Amino acid sequence: MKRWNFTPYHQQIDEGLAILGTPLPEHDTQWPEWEVFVQAKRGGPHVNVGAVHAPDPEMALLLAKENFIRREPCVNLWIVNTEDIHATASEDDALFQYTFDRTYRNTTGFKLDKPTAE
Amino acid sequence: MTDDELLARFEARIDRGEKIEPGDWMPERYRSGLIRMISQHAHSEIIGALPEGAWIPYAPTLKRKMTLIAKVQDEVGHGQMLYRAAETLGITREEMIDQLLTGKATYSNVFNYPAETWADVALIGWLIDGAAIVNQTKLLLGSYGPYARAMERICFEEGFHLKQGYDAICVLMAGTPSQRAMVQDALNRWWWPIMMFQGPRDKDSVHSAELLRWKVKIKTNDELRQEFLTKFVPKILAFGLVIPDPELRFHEETKEWTFTEPDWDEFKRVIRGGGPMNKERLGVRRLAHESGRWVREALDAFVREGRAA
Amino acid sequence: MTDQQTTALSTMLLCLADDEYIIGHRMSEWTGQGPIIEEDIAFSSMAQDELGHALGFYTLLHELGADDPDTLVFTRDASAYRNSIFTEQPRGDYAWSMMRQFLYDGAETERLGALATSAFEPLRDLAVRMLQEERYHWMHNATFVRRLALGTEESRLRMQSALTEAFPFALGLFEPYDGEELLVAAGIAPAEDHLRRRWLDRMCPLLEEYGLKVPAHRDGDNWRVDAAPVLGGRQGRHTEHLLGILDAMHVLRSADPDAVNW
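This write-up is about the structure you can find in this document. Predicted model only: the values in this text are computed from it and were never measured. (Residues numbered from 1 in each chain as written. Chains lettered and ligands numbered in written order. Predicted model: local features only at pLDDT ≥ 70, side-chain atom pairs only at ≥ 80, totals over all residues.)

Despite not being glycine, Trp31(A) has its phi angle at roughly 70 degrees, a positive value. Take Trp31(A): it is sitting in the loop between α1 (13–19) and β1 (33–39). We classify Trp31(A) as buried; it has 22 C-beta atoms within 10 Å. Not every positive phi belongs to a glycine, and Lys255(B) is a case in point at roughly 55 degrees. In this structure, Lys255(B) sits in the loop between β1 (249–251) and β2 (256–258). (Helix = DSSP H or I, 4+ residues; strand = E, 2+ residues; numbered from the N terminus. Buried ≥ 20, exposed ≤ 12 C-beta atoms within 10 Å, placed from the backbone.)

Structure (structure tokens):
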């Protein structure tokens, strides 16, 4: 059974090992974050699918395409700087609950009898 | 509200099967446990790209080559989504990558073993992605919203990984004696790392109970290992492959597998950096990070200096 | 089509297929090792696109009577490869890879644009489909090259040195191949010289706009190149770098020559 004792040329393992112990520079940038919204078909809503790191909006759109729609359908993309998202407090879901009867707003609030002649 | 009341409300939400979202109050140990777990998962995807990525230039057909690129690309993408999920808990990607590169963070041990032959690549795709799916389909049910949402996309893509790995194994097993021998040899070397993949035995697992209660974990390591064996042992044997554990057997009465315990001392040694490939993997990662630094800085400067249109 | 035309067409298709395959191979060396996660993924997609285009050209070649794509890719030796020497050069730093991609995809866009009106229908259809993917490549590369050229002092220097080094190689993409004039006369393919002119018109002003010094100067309506093109690939003459790629590709097959399927 042949063993290659395999050394992939493109991973440059020796160069990597040589710098492994050296200290990391203090500062690194992974770029700001952008929320990604995908519209799967015309007429449909844009749905948040995740976020990408990118230096600016143009790059965020470019990178979002391959990061999030390698397989799924898409006709349009939005990106929004994550810092520009404003939200209600996530603990505050009670804000959206109705404690009194609001069925009059809905079809279920109306039980109609069959119309009778006369 | 007092901390006790907050905790009670937090736990009641989890008990009702609701998800926890980033802005919610959460116990510090929930937050730190999740950060540790998700970042470890993210690191595993990024480092996991290396053993298979090593084989891309060596792939033996056009289709295998394109498939392998797509698969490794997905793994990098999983890392992307997972880092993002961890970021919602208040840690930056810069910090997490620093932890990885300075050896402070850990990642799945399985990637600290070498992929020596093409059959290793096929076997990784089939059995390690298979073991990962067993784990990840549970994480899908976890209590933290952003992690569970990332899992949905990840599980969807893992289906392709498993299938392409299985397909590659099928072709090798239907091939020449030396192709078949290559698969058996790969199984002999990978079996024990795979048996360790789901983590230490429950009785040796430090963090489990609380994380299970908070649905950070859904199944214990031992349960996941059992499920993996039930799912994959029959498929492995169907190829006529020999699993290198003579003690491995299924007990009808208990519906449980018994097996030779993998070398848990080796597990500890590898996680502390003493595995056969720890240094190589981190070295390659570090080199990639350093070689890309000027690119990240240049694009950053371009925006800072107002040139972005 | 006459026999001579078919032969010429096969020669051209092999040039294009080999270019796409070899550059796709080089690009895929970055997979998992890119400068930042998001770009790692985007670049890997483009590598897959180029390999997909290679497969498209090889398949058409196969339909014209050549071997099947895998046999073509994995069993020829270097002298039978017709890719430009440009595409086989090592990936270098990211500046080199990105600059090569920019110059290459610029040429590919011009070429496919011309082939989209080819008199040979299967080639025309293929070109139209490929052009669709090239739009993203072009956007991606132009966005990156502009930012890197105008980013920091270090990035500007790297991009300039990549351009200076890559430009003569890139001219090799327009090296004439055997039978070119037959295809041009039949309206099947554009003249390489014509493509080269269009490519210079497209690339040179942009690169100058990005603040880079192009090894060419304006002469009336035309760009005159100040560098000697690196030729030979279309005749099967290659550098040792192609041998390195082929060695890697042959590792498995040569270890088990009896294996039929992988």
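There's more to say after this.
Within soluble globular proteins, side chains that are nonpolar tend to cluster in buried spots. In terms of nonpolar packing, the biggest core is built from 174 residues, with Leu123(B) and Met99(C) touching the most fellow members. Non-local contacts of Leu123(B), meaning those with residues more than four positions away in its chain, are made with Ile169(B), Val183(B), Ala186(B), Leu187(B) and Trp190(B). (Core = buried A, V, L, I, M, F, W, Y, C linked by C-beta atoms within 7 Å. Contact = placed C-beta atoms within 7 Å.)

This part takes up the interface of chain B and chain C. In this assembly, 38 residues from chain B lie in contact with 43 residues from chain C. Taken together, the elements giving at least two residues each to the side of chain B that touches chain C come down to α2 (28–53), α3 (62–87), α7 (177–196) and α11 (278–304) of chain B. In terms of residue count, the dominant contributor to the side of chain B that touches chain C is α3(B) (twelve residues).

Our next topic: the sheet that holds β1(A). Hydrogen bonds between backbone atoms are what pair the strands of a sheet, whose relative direction is either parallel or antiparallel. Residues and elements named next belong to chain A. As summarised here, the arrangement of the three strands in space is β2-β1-β3, forming an open sheet in which the pairing is antiparallel. Whereas interior strands pair on both sides, the edge strands pair on one side only; in this sheet they are β2 (46–53) and β3 (76–81). Within this sheet the neighbouring strands show an average axis-to-axis angle of 30 degrees, counted without direction. With seven bridges connecting them, β1 and β2 associate as antiparallel partners. Each residue of the ladder has a partner; that of Trp 34, found in β2, is Val 52. Where helix α2 (residues 57–68) meets the sheet, it contacts β1, β2 and β3, and its direction lies at approximately 125 degrees from that of β3. (Pairing = 2+ DSSP bridges. Axes fitted to C-alpha atoms, helices over the stretch in contact; angles between N-to-C directions.)

All names here are of chain A. Joining the antiparallel neighbours β1 and β2 is a turn of six residues, in which Gly 43 adopts a positive phi near 90 degrees. Taken together, the six bridges between β1 and β3 define a ladder with antiparallel strand orientation. Bridging from a neighbouring strand, Phe 37 pairs with Trp 78 of β3.

Here the focus is the environment of Met12(C). Residues and elements named next belong to chain C. Inspection of the secondary structure puts Met 12 in helix α1 (residues 3–28). Along the backbone, Met 12 and Arg 234 are 222 residues apart, and their C-alpha atoms lie at a distance of 9.0 Å. Among all residues touching Met 12, those that are not within four sequence positions of it are Tyr 177, Leu 183 and Ala 189.

Contacts between the two partners involve 13 residues from chain C and, on the opposite side, 16 residues from chain A. For the side of chain C that touches chain A, the secondary structure elements donating two or more residues are α2 (37–63), α6 (121–150) and α10 (240–255) of chain C. The leading source of residues in the side of chain C that touches chain A is α2(C), at five residues. When grouped by side-chain class, the residues that make up the side of chain C that touches chain A number seven nonpolar, three polar and three charged. (Nonpolar A, V, L, I, M, F, W, Y, C, P; charged D, E, K, R; others polar.)

With that settled, the discussion passes to the packing of α3(B) against helix α6 (residues 145–173) of chain B. All names here are of chain B. It is the contact of α3 with α6, at a shortest axis distance of 10 Å, that shows an interaxial angle of 160 degrees. What the angle tells us is that α3 and α6 run roughly antiparallel. The crossing of α3 and α6 is left-handed. For the pair formed by α3 and α6, the contact residues are Arg 64, Thr 67, Lys 71, Asp 74, His 78, Met 81, Leu 82 and Ala 85 on the first element and Pro 146, Tyr 147, Ala 150, Arg 153, Ile 154, Glu 157, His 161, Gln 164 and Ala 168 on the second. For the contact of α3 with α6, the residue count by class is eight nonpolar, four polar and five charged. (Parallel < 35°, antiparallel > 145°, perpendicular 65-115°, else oblique. Left-handed = near helix turned anticlockwise from the far one by under 90°.)

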